[in-house]
Structures are given as structure tokens and as C-alpha cells.
Amino acid sequence: MNDTPDTAPPAADTAVPGTGAAAAPPPAKKPRKEDSFPVFLVKLVLIVAIFRSFFFSPFNIPSESMLPRLENGDYLLAAKWPYGFSKYSLPFSLPLLPKRIFAGQPNRGDVVIFKAPPGNDVDYIKRVIGVPGDTVQMIGGVLHLNGKVVPKQKIADFVIKVSDNTQCISPEFSATEADGTQTCHYPQFQETLPGGKTYNVLDLGYRPQDDTPPVVVPEGKLFLMGDNRDNSMDSRFPAIEGGGIGLVPQDNLVGRATIVMWSTDGSANWLLPWTWFTALRWQRIGGMF
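Residues numbered from 1 in each chain as written. Predicted model: local features only at pLDDT ≥ 70, side-chain atom pairs only at ≥ 80, totals over all residues. Heavy atoms only, no water.

Asker: Any chance you could break down the pairing of strand E10 (residues 182-192) for me, citing the residues and the numbers?
Answerer: Here strand E8 (residues 152-161) runs beside E10; their pairing, made up of eight bridges, is antiparallel. Bridge assignment links Val159 to a residue of E10, and that residue is His185. In textbook terms, the turn of a hairpin is the stretch between consecutive antiparallel strands, and for strand E9 (residues 174-176) and E10 this stretch comprises five residues, one of which, Gly180, has a positive phi near 90°. In the sheet, E10 pairs with strand E11 (residues 198-202) via five bridges, with the strands oriented antiparallel. Bridge pairing in E11 links Glu191 to Tyr199. Here E10 folds back onto E11, and the loop between the two strands holds five residues, one of which, Gly195, carries a positive phi near 105°. (Pairing = 2+ DSSP bridges. Helix = DSSP H or I, 4+ residues; strand = E, 2+ residues; numbered from the N terminus.)

Take a look at the structure:
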């Protein structure tokens, strides 16, 4: 009889002869620390500020100075990088950039957003007509660049529906369509700049700004005009707060118009969600520049 007790089976966490030391348990993972709401909010604000400062920023059109291309109630995205960056690229025009960096030269025909002189605190949108070295003059409502006529061809009237955002500038342009819709009919022309850039403008008849002295655009400045030639305070007028803008410094540029992302006729009521859609001008959304 063998008095030696039977050998018990090894415990699960005991080394088995010939297999080496016992495997150490894996280290416990530290729980991921979630950001507090204030930290999350700060990060979100920084991301939005960077995106709006250096990539794209939204702008709305509050007037009819750029008819027919832009209507009151259009919302567009402006690309921020084509002309470089200055303090006006930053939120609240923070003075963090002493001068424009990565500066780019606008082309004639570009539609640009800028801080309007002399206050340099309000966003305006106009079309680039004259770049440094150009001589710009209006004669009898016809644009002249460097002593040459810019071709201007009459095309079909521009017709726009009367809405909360749109009223005819004077009764002579008012009309009633066959279905009873009230509209405005404006004389429309196509201009073609040197280099082939074409766009449409409105000419409502003779106005004093249809005849101007020749202006030579100096280095670092731009001559800007609205497409609604007789309803636009632009570089044809001296820079006065709430009035003309004179020659605009290139450092005032904020961005270049790229796409219309939203457009409303002004009839929406925030308390009536379905009107957000009935007020939409669907055909304008997605329009490129």
C-alpha cells in the first residue's frame, strides 16, 4: 500500500512543469477621460474659427447692388485663401496679422467680399473691375478700361418676382404677369472684360455716375463696382461711411465668392417651420461664380 497522497491537479494560475513561469495578467486599461462641456465648447469654437478664418466663411446678401447675379436673401460661401490672409480674415478683425500673408492678386471679374472703407468694419460684396495699373472710366453708362470700350450687349430683361426681399426700384419697372404675379423688369446687358470674363449688369437709365473722370488704380488698390450699376455705391463714389467706397485696399479683402448655398424670398417665419421651405428660391441654390 502506497501512503503517498495523490498529486492534485495544478491550479489554473500555477505554472505547469515544462511550460515556464505563470503568465502575468494584462494591465488594466485606464478609463478614457471625457472632456468636460466647457473644454468641448472651447475646442469647437477654435475649430470653427480656424475653418472660417482660413477656408470658407458664410455671407448673406442684404441689398440689390449685385443684381442680377446676387439677390437680396442669398447666402453664399466665400473662399478665404485665394487672396491671402490679413486681420480682416479673422473673427472680429483681430489684429493678430500685422500685414497680409500669402497675398494673391484678384482677377478682373472676380466677385469679392471685403471690409468697406473708410470704416473697414462692414462686409461688402462687389465685382473687381480695375486692378493696379488700370485706368477706369464710365462714359455714357459704358465702361472703359485703359481707354478701350468694354463690350456691352443688350439681352433679355432681367425679371424678378416681388417679395418681402424684393421691391421694384420705381414704378416704371413694375409689371403684372399673366398669372397675377407682381414682378420687376430691368434692362439687362452682358459685359465682356479683357480676357473674356462675361457677366450680366443692369442699366436703369442715365444716372450721374454714368459719366466719371478716368481713375488710375494704384498699386495695392482695386476698383470695384456693383453689377446693378445704377443702384450701387461703389468705387465711382468717394469713401464715405454708409456711402461710396473709393479705391479699396487689397488688404481689406476677406474672400472670393464661390457658391450660393441658400436663398430665401424673405417670407419665412421662424415660428412656422414649413415656411422655411416655401420661402426657398430652390433654383438659386448651388449657383457658382
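From this point, the discussion proceeds with the structure in view.
Asker: Which residues make up the pattern of salt bridges, and what values do they have?
Answerer: On inspection of all chains with the given rule, the structure shows 12 salt bridges. The shortest N-O distance in the salt bridge between Asp134 and Arg108 comes to 2.8 Å. In this pair, Asp134 sits in the loop between strand E4 (123-130) and strand E5 (135-139) while Arg108 sits in the loop between strand E2 (74-79) and strand E3 (111-115), placing the two residues 26 residues apart along the sequence. Classification of Asp134 by relative accessible area gives buried; the value is 4%. Residue class for Arg108 comes out partly exposed when judged on its relative accessible area of 26%. Among the salt bridges present, the one from Lys115 reaches Asp123, with a minimum N-O distance of 2.9 Å. Take Lys115: its relative accessible area is 12%, and that puts it in the buried class. The class of Asp123 is partly exposed, set by a relative accessible area of 37%. Three or more residues joined by partner-sharing salt bridges are found here, namely Glu71, Asp74, Arg281 and Arg284. (Salt bridge = Lys/Arg side-chain N within 4 Å of Asp/Glu carboxyl O. Buried < 20%, exposed > 50% of the residue type's maximum accessible area, 1.4 Å probe, protein only.)

The quantities given are spatial measurements derived from coordinates; they are silent on function.
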